[in-house]
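Summary of the model geometry
What follows is each chain in one-letter form.
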Number of protein chains: 2
Amino acid sequence: MGKPERPATISDVASLAGVSVGTASKALNGRGSMRPDTRRRVQEAAQRLSFHANAAARTLNTGRTYTVGMITTDSIGRFSIPVMLGAEDSLGAGQMSVFLCDGRDDPIREQYYLKTLLSRNVDGIIVTGRRTQARPPIAAALPVPVVYAFISSTDPEDCSVVPDEAGGARKAIEHLLATGRRRIAHITGPEHHHSAQVRATGAADTLAEAGLTLVAPPMFGEWSELWGRQAAGMLLAMGHDVDAVFCGSDQIARGVASTLGVAGRRIPEDLALIGFDNWDVMALACQPPLTSLDMDLEGLGRAAADLLLDAINGRPSPGRHTRPCRLVVRESTAIVVSQPSTAPGPLIASARPE
Amino acid sequence: MGKPERPATISDVASLAGVSVGTASKALNGRGSMRPDTRRRVQEAAQRLSFHANAAARTLNTGRTYTVGMITTDSIGRFSIPVMLGAEDSLGAGQMSVFLCDGRDDPIREQYYLKTLLSRNVDGIIVTGRRTQARPPIAAALPVPVVYAFISSTDPEDCSVVPDEAGGARKAIEHLLATGRRRIAHITGPEHHHSAQVRATGAADTLAEAGLTLVAPPMFGEWSELWGRQAAGMLLAMGHDVDAVFCGSDQIARGVASTLGVAGRRIPEDLALIGFDNWDVMALACQPPLTSLDMDLEGLGRAAADLLLDAINGRPSPGRHTRPCRLVVRESTAIVVSQPSTAPGPLIASARPE
DNA sequence: ATGAAAGCGCTAACAG
DNA sequence: CTGTTAGCGCTTTCAT
């Protein structure tokens with residue numbers, strides 16, 4: 001437990017270099033002009049003493065802390081985590097440290113965190129959450145910029161960065177159409193869930209533009225494999241002549257795949273299957289591996305962080321910023337090149353990542 | 001963007017209350033003695049101005065920041081996240097804010113974060129990671145206390161909090177034995193992986209104490225469903241008369257379940273199946289729902305945070321602290337009460353959580 | 001019981 | 001080009 005000695009201060013550096021603290025400060029911050037030799041001497045002294053400016057002291061007179069707060073609306077979930085990591089990465093590169101605040105769906109807790117962050121003089125705040133549903137602004141007016149990531153603010157003037165889920169659904173349908181499917185079903189999450197709505201609407205609109213409709217109304221349920229299994233069973237029971245199922249999530253798609261497998265329907269030969277979220281552990285373990293839409297959450301987090309940095313530096317970008325989803329093609333929607341039946345395995349026309 | 005006016009300082013409060021800043025400070029921090037009326041007046045004034053002490057200023061002369069850093073060794077993963085959330089929760093309750101630092105398996109990056117945290121004068125540091133394997137200390141000597149959570153330090157004097165994985169494996173085997181299984185196989189992750197080793201050893205030791213052995217040597221592979229499927233296929237092919245499979249992870253167990261299902265082996269009637277990690281999304285979606293071992297990662301994070309707070313307050317607890325795993329029983333190891341064959345569904349003797 | 005004053009470590013004016 | 005000086009907002013002696 002050998003506690004190292006008290007950290008060096010700037011005046012230690014100054015005296016070691018034989019200059020005044022003012023000079024030392026300028027030397028270290030590259031400000032003002034001075035004899036190159038002097039600057040070098042100061043820097044060497046700092047090096048020797050492994051001097052690191054005391055952040056509190058610096059903050060006290062610049063007002064800047066080089067910290068930002070990251071608050072989750074609801075708990076931290078599978079979606080918010082990549083967003084946060086992306087943001088942390090981008091901010092870290094910009095020399096900023098990130099305070100982690102888990103709101104846990106509790107508005108009181110959220111406001112407490114907000115107060116804490118403000119008294120710590122964060123330079124900015126990122127608000128995120130595990131759902132894309134818009135939420136009321138975290139506060140009416142704040143002395144620092146705020147960016148909403150993944151989740152958005154109900155105030156259209158607030159800066160939000162969100163995935164284009166409707167566009168993702170569009171890509172899913174276009175991909176199915178392009179690979180020759182026409183009789184498409186949609187199985188998704190709860191009807192009141194924003195993502196379920198947006199994705200279903202996107203799918204329906206895209207089909208309509210092609211002069212088609214879903215073979216049945218969207219099947220709303222839960223975001224679970226169990227629901228996927230049940231819904232697939234219902235779909236089979238309804239006797240529709242389906243050649244593709246677009247699912248609102250990878251978990252649902254896995255459930256669908258397992259029911260279809262048990263029922264003897266082959267994927268992708270008999271039916272194409274496509275999920276949403278590109279959750280690797282689900283999409284890759286699915287049999288066969290699942291085509292899905294990736295919202296690029298980490299990129300989204302990075303983008304949010306970059307917008308926040310810009311705002312902190314006086315270049316705000318108010319409004320809603322949308323980012324495209326990316327189609328990741330795997331076997332479940334592959335175009336089967338040849339034989340109808342017991343080929344040694346489907347011949348695949350498209351590849352998988354990673 | 002109506003920036004609110006400059007935040008109130010303690011001298012605003014003091015003058016509104018008609019006292020000096022010194023008095024105001026003492027009043028607000030409950031220090032020294034003073035007329036109750038005076039204290040009340042100051043507090044009201046602070047309230048009115050919604051005064052929040054400037055953290056930087058306070059830090060500058062107390063030296064304490066009421067912040068801690070949380071560094072991940074490797075990237076942030078499925079295991080480190082609950083640990084971090086638990087820690088954040090406990091620290092937040094203790095008025096401490098948490099800096100999030102994602103080391104991403106890069107020692108340079110890790111040391112950079114360490115430097116940053118120290119120059120921010122954090123009161124303490126939590127080191128975590130996604131594997132339980134011990135790692136070298138993050139630094140030889142540090143001016144603040146460090147607690148390792150989930151991961152541990154190779155220096156036995158360092159304070160680490162880790163799950164008792166061997167004990168978890170023991171519980172798994174004891175549960176299987178208690179429910180009448182005797183011919184047990186073990187399928188797990190990579191041989192060089194610490195968790196795989198410890199769990200396999202724990203299982204073997206427990207069996208040995210009962211005068212039994214595994215039906216075959218532990219099958220080491222990957223932490224994936226695919227491996228679970230393959231290994232189960234191999235196990236069937238070997239023709240062993242197995243009545244239970246203990247898997248090193250829930251993912252592996254799911255893979256095993258699916259191969260067994262395809263092969264017509266019923267779970268739990270013909271074979272009991274048990275996983276590890278109690279990853280809800282896997283364990284619950286498994287058919288049937290999977291008995292598993294829960295490492296209580298959030299509790300572990302909380303415990304680590306509490307130990308860190310104690311250390312910060314001068315009561316360190318050096319050494320390795322172990323926390324038990326909890327057996328979560330679901331259908332995959334249920335005792336089948338009755339009929340051998342096509343019952344309407346297994347009658348279950350034990351329950352599931354949540 | 002209260003007020004005055006001296007810093008905490010640093011930056012940024014301003015002099016020289 | 002360099003040194004001196006005045007704070008940033010707060011806590012903490014030390015007088016009164």
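Residues numbered from 1 in each chain as written. Chains lettered and ligands numbered in written order. Predicted model: local features only at pLDDT ≥ 70, side-chain atom pairs only at ≥ 80, totals over all residues. Heavy atoms only, no water.

Re the overall build of chain A
When helices and strands are counted, chain A shows 12 helices and 14 strands. In terms of overall dimensions, chain A is more spread out than a globule: its C-alpha atoms have a radius of gyration of 27 Å, far above the 20 Å expected for 354 residues. Dimensions along the principal axes, computed over C-alpha positions, put chain A at roughly 85 × 45 × 45 Å. Buried positions account for 52% of the 354 residues belonging to chain A. For chain A, the share of sequence-separated contacts (at least 6 apart) that also reach a separation of at least 24 residues comes to 70%. Of the roughly 15,300 Å² that chain A leaves accessible, carbon and sulfur atoms contribute 54%. (Helix = DSSP H or I, 4+ residues; strand = E, 2+ residues; numbered from the N terminus. Rg over C-alpha atoms; globule rule 2.2 N^0.38 Å. Buried < 20%, exposed > 50% of the residue type's maximum accessible area, 1.4 Å probe, protein only. Contact = heavy atoms within 4.5 Å. Areas by Shrake-Rupley, 256 points an atom, 1.4 Å probe, with all protein chains shown as cover.)

Here's the deal with the UniProt feature "domain: HTH lacI-type" (unreviewed entry) in chain A
Cross-referencing UniProt, the feature "domain: HTH lacI-type" (unreviewed entry) maps to residues 8-62 of chain A in the present numbering. Counted over residues 8-62 of chain A, helix gives 69% and strand 0%. Its end C-alpha atoms are 21 Å apart. (UniProt positions renumbered as here; feature names shortened; annotations may be inferred.)

A look at the relation of the copies chain A and chain B
Rotating chain A by 180° and moving it 0.0 Å along the rotation axis overlays it on chain B with an RMSD of 0.1 Å. Here the symmetry operator amounts to a two-fold rotation axis. Looking at chain A, 98% of its interface residues are interface residues in chain B too, so the copies touch through the same face. (Least-squares fit on C-alpha atoms with pLDDT ≥ 70 in both.)

Digging into unusual backbone geometry
Residue and element names in this part refer to chain B. Geometrically, the link from Ile267 to Pro268 is a cis peptide bond, its omega value of 5° lying close to zero. Secondary-structure assignment places Pro268 in the loop between helix 10 (250-262) and strand 11 (272-274). Of the consecutive residues Gln287 and Pro288, the connecting peptide bond is found in the cis state with omega at -5°. Mapping Pro288 onto the fold places it in the loop between helix 11 (280-285) and strand 12 (292-294). Of note in the backbone geometry, Asp277 takes a positive phi value of approximately 110° without being a glycine. Checked against the element boundaries, Asp277 lands in the loop between strand 11 and helix 11. Owing to a relative accessible area of 12%, Asp277 belongs among the buried residues under this scheme. Phi is positive for Asp296, which is not a glycine, with a value near 50°. Relative to the elements of secondary structure, Asp296 occurs in the loop between strand 12 and helix 12 (297-312). A residue is classified by how much of its surface remains accessible, and Asp296, at 31% relative accessible area, is partly exposed.

Some words on empty space enclosed by the protein
Using the criterion set out here, one finds four cavities of 30 Å³ or more in the structure. Each pocket or cavity is described by its volume, and for the largest cavity that value is around 240 Å³. Considering the residues around the largest cavity, the lining is formed by 17 residues, among which Thr59(A), Arg120(A), Ala56(B), Thr59(B) and Arg120(B) are closest to the centre. Elements supplying a minimum of two residues to the lining of the largest cavity: helix 4 (55-62) of chain A together with helix 4 (55-62) of chain B. Of the residues assigned to the lining of the largest cavity, the class counts are six nonpolar, nine polar and two charged. Considering only enclosed or pocket space, the second largest cavity measures out at about 90 Å³ in volume. For the second largest cavity, the full set of lining residues is Ile76(A), Ile81(A), Met84(A), Leu85(A), Leu100(A), Ile76(B), Ile81(B), Met84(B), Leu85(B) and Leu100(B). (1 Å grid on protein atoms, 1.4 Å probe; cavity = no way out; pocket = protein on both sides within 12 Å on 5 of 7 lines; lining within 4 Å. Points joined across faces, edges and corners; volume = space filled by probe spheres on them. Nonpolar A, V, L, I, M, F, W, Y, C, P; charged D, E, K, R; others polar.)

Quick look at helix 3 (residues 36-48) of chain A
All names here are of chain A. With 13 residues, helix 3 extends 18 Å from end C-alpha to end C-alpha; this agrees with the ideal 18 Å at 1.5 Å per step. Each element contacted by the buried residues of helix 3 is listed here: helix 1 (10-17) and helix 2 (21-29). Phi turns positive one or two residues past the end of helix 3, at Ser50, with a value near 40°. (Expected span 1.5 Å × (residues − 1).)

Points about the nonpolar core
Counting 90 residues, the largest nonpolar core has Phe246(A), Ile184(B) and Phe246(B) as its most contacted members. By size, the runner-up hydrophobic cluster in this structure holds 30 residues, among which are Tyr113(A), Ile125(A), Leu142(B) and Ile151(B). (Core = buried A, V, L, I, M, F, W, Y, C linked by side-chain atoms within 4.5 Å.)

Here's the deal with the protein's contact with DNA strand C
Taken together, the neighbourhood of DNA strand C is formed by 23 residues, with Ile10(A), Asn61(A), Ser33(B), Thr38(B) and Asn61(B) sitting nearest. Within 4 Å of the protein, the atoms of DNA strand C are drawn from sugar and phosphate moieties in a proportion of 66%. With respect to DNA strand C, the side chain of Asn29(A) contributes an N or O atom lying 3.3 Å from a phosphate oxygen. Side-chain polar atom of Asn61(B) to a base nitrogen of DNA strand C: 2.8 Å apart, as the coordinates give it. Those elements that provide at least two residues to the surface near DNA strand C are helix 2 and helix 4 of chain A together with helix 2 (21-29) and helix 4 of chain B. Of the residues in the surface near DNA strand C, the class split is seven nonpolar, 12 polar and four charged. (Near = heavy atom within 4 Å. Polar contact = N/O pair within 3.5 Å; in protein donor to acceptor, adjacent residues only side chain to side chain.)

Points about the protein's contact with DNA strand D
Lining the immediate surroundings of DNA strand D are 24 residues, of which Ser33(A), Thr38(A), Asn61(A), Ile10(B) and Asn61(B) lie closest. Sugar and phosphate atoms represent 63% of those atoms of DNA strand D found within 4 Å of the protein. Contacts to DNA strand D include Ser25(B), whose side-chain N or O atom sits 2.9 Å from a phosphate oxygen. Residue Ala57(B) places a main-chain N or O atom 3.3 Å away from a base nitrogen belonging to DNA strand D. Elements supplying a minimum of two residues to the surface near DNA strand D: helix 2 and helix 4 of chain A together with helix 2 and helix 4 of chain B. When the residues that make up the surface near DNA strand D are grouped by side-chain class, the tally is seven nonpolar, 13 polar and four charged.

Remarks on the domain arrangement of chain A
Residue and element names in this part refer to chain A. You can read the domains of chain A as domain 1 (67-163 + 296-324) and domain 2 (165-290). If you look at the interface, domain 1 gives seven residues, while domain 2 gives nine residues. Among the residues of domain 1 in contact with domain 2, Arg78, Arg131 and Thr132 are the three that bury the most area, contributing 61% of the side total. At the junction of domain 1 and domain 2, the tally comes to zero salt bridges. Among the residues forming the side of domain 1 that touches domain 2, the class breakdown is three nonpolar, two polar and two charged. (Domains from an automatic or database assignment. Buried area = accessible area lost by both parts, 1.4 Å probe. Salt bridge = Lys/Arg side-chain N within 4 Å of Asp/Glu carboxyl O.)

Observations concerning the sheet that holds strand 9 (residues 219-220) of chain B
Residue and element names in this part refer to chain B. The four strands are arranged 9-8-10-11 in an open sheet whose pairing can be described as parallel. The open sheet has two edge strands with one neighbour each: strand 9 and strand 11. Together, strand 8 (184-188), strand 9 and strand 10 (244-247) form the strand contacts of helix 9 (residues 225-238), whose direction differs from that of strand 8 by roughly 150°. (Pairing = 2+ DSSP bridges. Axes fitted to C-alpha atoms, helices over the stretch in contact; angles between N-to-C directions.)

What about the packing of helix 7 (residues 165-178) of chain B against helix 8 (residues 194-209) of chain B?
All names here are of chain B. Their axes nearest at 7 Å, the elements helix 7 and helix 8 cross at an angle of 40°. The angle between helix 7 and helix 8 places the two elements in the oblique class. The way helix 7 lies across helix 8 gives a crossing that is right-handed. On helix 8, the residues that touch Glu165, Ala166, Ala169, Arg170, Ile173, Glu174 and Leu177 of helix 7 are His194, Ser195, Val198, Arg199, Gly202, Ala203, Thr206, Leu207 and Glu209. Its residues assigned to classes, the contact of helix 7 with helix 8 shows seven nonpolar, four polar and five charged. (Parallel < 35°, antiparallel > 145°, perpendicular 65-115°, else oblique. Left-handed = near helix turned anticlockwise from the far one by under 90°.)

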